[in-house]
Amino acid sequence: DRLGKANFAKIKEKVRAKLFVIASKIISLAAQRELIRGEIIEKDDAEYLNFLQNAGFAYTRDQERASSDIANDLKSGKVMDRLLSGDVGFGKTEVAMNAIFKCVKSGFQALFFVPTTLLSSQHYKTLSQRFSKFDIKVLKSLKERLGKFDVSVFKLDRFTSAKEKAVAVKALEAGQPCVCVGTHSLLSVKPSNLGLIIIDEEHKFGVKQKEKLKEISSASHVLSMSATPIPRSLNMALSSVKGYSVLQTPPSSRLDVRTSVREWDEKAIKEAVMRELRRGGQIFYIHNHIATMPQTKKQILDIIPNLRILTLHSKIDAKTTEEEMMKFENGEYDVLLSTSIVESGIHLPNVNTIIIESANKFGIADLHQLRGRVGRSDKQAYCYFLVEDKNALSADALKRLVALESNSFLGSGSV
């Protein structure tokens, strides 16, 4: 529509009325949850300490504080609704896994809600590996033990087979203690013993989707996580509608990501790629237009022949994506040429250079999330925001890129 026209004013008023209805529902649901007695989840024994020690690294002070805040909420008898904020790579997923462990070990179910199938697959793999050494006691009640089973980890997204989906849905409906990670597919399940809902990358979801998740079980605890929380979530956290924990301390071995804005140039591409290859690393190359990906691949190979390039985007099926990503993780490719599908939570410590084409066409949160895919080990990481012509950039695009270039220190995303 056109600004200033009478029709636009009418549309605006209609939207305003709908927003007030949604806002009143949010506050009403928050008020109802305050009055509900939440599931008491408490697990602070030797087995939990063993789980913490199996993390493979020392927790930061902020991780310990956040874990303690969440543990206190879970055993308080009140329903938790907490926002966990922290810069990319600061360990939010590990804190969430502590809560999942407490939940499942106490005989309840946990849902892990994520925005993309790629992140769903990665979290499924991480959870399976992390819980593989631990078994759970399946309880009919908190006092009666029925037997021992492995910690069940399920995955539900559009690429889950019908057979796998049937097994997961049956376990959730039967009340079996388990954790199920998935995308929007989780909105259709009906768990009968739900103790905890985790919403990863919560800024990627609409308010109605998040509130629908809370409605699945009014007595369930909710933990939302984001490196770039949206203003509404921050406002609710700061006004005490939600609890709020923040991770500001970087892992001890972490270095900042050296960031630069450059015009597209063959020499710059070659320099960035060859530096990474010389130290045995890998590269992300972000080209956010599927139709022209073959030309981009050819362009890169013209600059550096014999480069092993993997191309991935949303139109490639899940099985192929998963298989190819495993090959990439095992070092069978040098470069991952992809759209921004890698933006959400992907963890590949050997990838420490990222090149983002047409960076001026991305939002600041998207660029910060993309930059956060590198520098996840103890190696110096590099991020290149490429533009066609610096002089032709709009004022807003220039501000975004300059802000990211000048704020590349650890924890800058939380500032």
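Please refer to the structure placed before this passage.
Residues numbered from 1 in each chain as written. Predicted model: local features only at pLDDT ≥ 70, side-chain atom pairs only at ≥ 80, totals over all residues. Heavy atoms only, no water.

Colleague: Please clarify how the overall build of the chain should be interpreted in this entry.
Modeller: Helices and strands together make up the secondary structure of the chain, namely 13 helices and 15 strands. In terms of C-alpha radius of gyration, the chain reaches 23 Å, essentially the compact-globule figure of 22 Å for 415 residues. The principal-axis extent of the C-alpha atoms belonging to the chain is close to 65 × 60 × 45 Å. Counting every position in the chain, which comprises 415 residues, the buried fraction comes to 50%. For the chain, restricting intrachain contacts to residue pairs at least 6 apart in sequence, the fraction spanning at least 24 positions comes to 79%. (Helix = DSSP H or I, 4+ residues; strand = E, 2+ residues; numbered from the N terminus. Rg over C-alpha atoms; globule rule 2.2 N^0.38 Å. Buried < 20%, exposed > 50% of the residue type's maximum accessible area, 1.4 Å probe, protein only. Contact = heavy atoms within 4.5 Å.)

Colleague: Please clarify how a negative patch on the surface should be interpreted in this entry.
Modeller: Among the surface-exposed residues, E263, D265, E266, E388 and D389 lie close enough to one another that they form a single negatively charged patch. With respect to the element layout, D389 can be found in the loop between β15 (381–387) and α13 (395–406). (Patch = residues over 30% accessible without salt bridge, like charges linked within 9 Å, V, L, I, M, F, W, Y side chains within 5 Å. Areas by Shrake-Rupley, 256 points an atom, 1.4 Å probe, with all protein chains shown as cover. Salt bridge = Lys/Arg side-chain N within 4 Å of Asp/Glu carboxyl O. Lys, Arg positive; Asp, Glu negative; His and termini not counted. Charge placed at Lys NZ, Arg CZ, Asp CG, Glu CD.)

Colleague: Quick question: what am I supposed to make of the sheet that holds strand β13 (residues 335–338) here?
Modeller: In any sheet, the strands associate via hydrogen bonds between backbone groups, in a parallel or an antiparallel arrangement. Pairing is parallel across the open sheet formed by six strands, whose spatial order is β10-β15-β14-β11-β13-β12. Either end of the sheet is taken by a strand with one partner, and the two such strands are β10 (257–263) and β12 (309–312). Ignoring which end each strand starts from, the neighbouring axes of this sheet average 20 degrees apart. Summarising the sheet, strand β14 (residues 351–356) and β15 pair through four bridges and their orientation is parallel. The residue bridging I355 from the neighbouring strand is Y384, located in β15. Against the sheet, helix α10 (residues 293–303) touches β11 (282–286), β12 and β13, its axis set at about 165 degrees to β12. (Pairing = 2+ DSSP bridges. Axes fitted to C-alpha atoms, helices over the stretch in contact; angles between N-to-C directions.)

Colleague: Help me out: how do you make sense of a positive patch on the surface in this one?
Modeller: Together, K10, K14, K18, K25 and K208 make up a positively charged patch on the protein surface. When residues in the positive patch are grouped by element, the largest group, four residues, is from helix α1 (residues 6–35). Mapped onto the secondary structure, K18 falls in helix α1.

Colleague: I'm lost on the packing of helix α3 (residues 61–74) against helix α4 (residues 92–105) in this one. Help?
Modeller: How two helices pack is summed up by the angle between their axes together with the distance between the axes. Remark: α3 packs on α4, axes separated minimally by 10 Å, with the N-to-C direction vectors making an angle of 30 degrees. With respect to α4, the element α3 is oriented roughly parallel. Pair α3 / α4 crosses with right-handed handedness. Of α4, the residues touching α3 (which contributes Q63, A66, S67, I70, A71 and L74) are E94, V95, N98, A99 and K102. Grouping the amino acids of the contact of α3 with α4 by side-chain chemistry returns six nonpolar, three polar and two charged. (Parallel < 35°, antiparallel > 145°, perpendicular 65-115°, else oblique. Left-handed = near helix turned anticlockwise from the far one by under 90°. Nonpolar A, V, L, I, M, F, W, Y, C, P; charged D, E, K, R; others polar.)

Colleague: Please clarify how the layout of surface pockets should be interpreted in this entry.
Modeller: The gaps of empty space that remain are located by a probe, the size of a water molecule, rolled over the atoms. In this structure, the largest pocket occupies an estimated 1,200 Å³ of space. Around the largest pocket sit 48 residues that line it, and T93, Q122, T126, H347 and R376 are the ones nearest its centre. Counting residues per element, the ones that place at least two in the lining of the largest pocket are α4, α5 (117–131) and α11 (318–329). If you tally residues by element for the lining of the largest pocket, the top one is α5, at nine residues. When the residues that make up the lining of the largest pocket are grouped by side-chain class, the tally is 18 nonpolar, 19 polar and eleven charged. There is about 470 Å³ of room inside the second largest pocket. Considered class by class, the residues forming the lining of the second largest pocket number nine nonpolar, eight polar and six charged. (1 Å grid on protein atoms, 1.4 Å probe; cavity = no way out; pocket = protein on both sides within 12 Å on 5 of 7 lines; lining within 4 Å. Points joined across faces, edges and corners; volume = space filled by probe spheres on them.)

Colleague: Sorry if this is basic, but what is going on with the side chain of D157 here?
Modeller: Tracing the backbone shows D157 in the loop between β5 (152–156) and α6 (162–174). D157 sits in the buried class, given a relative accessible area of 6%. Side-chain polar atoms of D157 contact the side chain of K155, separated by 3.5 Å. (Polar contact = N/O pair within 3.5 Å; in protein donor to acceptor, adjacent residues only side chain to side chain.)

Colleague: Before we go on, may I ask you to explain α10 in this structure?
Modeller: Three or four residues apart is the spacing at which side chains of an α-helix point the same way, because the helix has 3.6 residues per turn. Turning to α10, its buried residues number three or more, namely M293, T296, I300 and I303. Taken down its axis, α10 places every buried residue within 80 degrees of arc, on the same side. Relative to its buried face, α10 has exposed residues pointing more than 90 degrees away, namely P294, K298 and D302. Each element contacted by the buried residues of α10 is listed here: α9 (266–278), β11, β12 and β13. (Arc of directions from axis to C-beta.)

Colleague: Teacher, can you tell me more about the packing of aromatic side chains here?
Modeller: Tallied over the full model, the rule gives nine aromatic pairs. Between the aromatic rings of Y48 and F101, the centroid separation amounts to 6.2 Å while the plane-to-plane angle is 35 degrees, which identifies the pairing as tilted. Here Y48 is found in helix α2 (residues 46–53), whereas its partner F101 is found in helix α4, with 53 residues between them in sequence. Note on accessibility: Y48 and F101 belong to one class, buried. Here F101 and F134 contribute two aromatic rings whose centre-to-centre distance is 5.4 Å and whose plane-to-plane angle is 80 degrees, an arrangement assigned as edge-to-face. Of the two residues, F101 is situated in helix α4 and F134 in the loop between α5 and β3 (135–139); the sequence distance between them amounts to 33 residues. Taking relative accessible area as the criterion, F134 reaches 4% and is therefore assigned buried. Aromatic rings pair up to connect Y48, F51, F101, F131 and F134 into one cluster. (Phe/Tyr/Trp six-rings, centres within 6.5 Å; stacked < 30°, edge-to-face > 60°.)

Colleague: It is not clear to me how the pairing of strand β1 (residues 81–86) should be interpreted in this structure. Could you clarify?
Modeller: For a regular strand, the rule is simple: side chains alternate between the two faces of the sheet. For β1, the buried fraction is high: six of the six residues fall into the buried class. As judged from the five bridges shared by β1 and strand β8 (residues 221–226), these two strands associate in the parallel manner. When the bridges of β8 are listed, L83 appears paired with S224. Relative to strand β9 (residues 243–247), β1 runs parallel, the two sharing five bridges.

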